[in-house]
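Here is how the chains run, residue by residue.
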Amino acid sequence: MKKLLLVVDYQKDFVDGALGFAGAEKLDWPIAEKIAAYRAAGDDVAFTLDTHQENYLDTQEGRKLPVPHCLMNSEGWQLYGKTAEALDRARDMVICKPAFPSLWLGSWLKEQKYERIELVGLVSYLCVLSNALMVKAALSEAEIVVDASCTAGPDPTLHEKALDLMEALQMTVINREA
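Residues numbered from 1 in each chain as written. Predicted model: local features only at pLDDT ≥ 70, side-chain atom pairs only at ≥ 80, totals over all residues. Heavy atoms only, no water.

Tell me about the environment of His-69, and please be specific about residues and values.
Position of His-69 among the secondary structure elements: in the loop between helix H3 (60–64) and helix H4 (81–86). His-69 sits 19 residues away from Asp-50 along the chain, and the two C-alpha atoms are 8.6 Å apart. Polar contacts involving the side chain of His-69 include one to the side chain of Asp-50, which spans 3.0 Å. A distance of 3.5 Å separates polar atoms of two side chains, one belonging to His-69 and the other to Glu-61. (Helix = DSSP H or I, 4+ residues; strand = E, 2+ residues; numbered from the N terminus. Polar contact = N/O pair within 3.5 Å; in protein donor to acceptor, adjacent residues only side chain to side chain.)

Break down the nonpolar core for me, with residues and values.
Within the largest apolar cluster, 53 residues are counted, with the highest numbers of intra-cluster contacts made by Val-7, Leu-109, Ile-117, Leu-119, Leu-122 and Met-166. At seven residues, the largest contribution of residues to this core is made by helix H6 (residues 124–138). (Core = buried A, V, L, I, M, F, W, Y, C linked by side-chain atoms within 4.5 Å. Buried < 20%, exposed > 50% of the residue type's maximum accessible area, 1.4 Å probe, protein only.)

Before we move on, can you summarise the side chain of Ser-124 with the specific residues and values?
As for its position among the elements, Ser-124 is in helix H6. Here His-159 takes part through its side chain, which lies 2.7 Å from a polar atom of the side chain of Ser-124. When sequence neighbours within four positions are dropped, the list of residues in contact with Ser-124 reads Leu-129, Thr-151, Ala-152, Gly-153, His-159, Ala-162 and Met-166. (Contact = heavy atoms within 4.5 Å.)

Give a description of unusual backbone geometry that names residues and reports values.
Cis geometry marks the peptide bond from Leu-122 to Val-123, where omega comes out at -15°. For Val-123, the location among the structural elements is in the loop between strand E4 (116–122) and H6. Of note, Asp-9 is a non-glycine position whose phi angle comes to about 50°, a positive value. Looking at the secondary structure, you find Asp-9 in the loop between strand E1 (3–8) and helix H1 (12–15). Among the residues examined, Asp-9 registers a relative accessible area of 0% and is labelled buried. Its identity as a non-glycine residue notwithstanding, Cys-70 has a phi of 50°, on the positive side. Exposure remark for Cys-70: the relative accessible area of 0% places this residue in the buried category.

Spelled out as structure tokens, the structure:
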């Protein structure tokens, strides 16, 4: 079975930077361990990077969320901690995306024929949810898995709603606290 781990936007600005929040740093070790497990099994790993330009505040997102973050090549744009150390640039796909979801990700996945894609990262109710939908659209017959213990968001209520929505959309949410 062809499998992919998709690490969504686990970047410094979402952990301890401009949009960081308490608890985001606790995902680092579990995500890094999951990356190692996928590699040990011979499976693939890919990363998305929220990527904005200097004109961020002039964009629709910037007008609605006026907090500059993940500016390309800035410190906050970099992956965080052990997860950053786990990136293998020679092997892993890295997808820079200017919006919550990546249409390019969906197009790329259609050609890859993965049977199972697992998503981890930040923010559960923005980029994880929207990219999970892209994955589902690209590979409607693949099993889409979201590890609730490896995703979070600053608003716990929206986080739980996002997990509910992903389950309603026939995605498998694992490691969810009861």
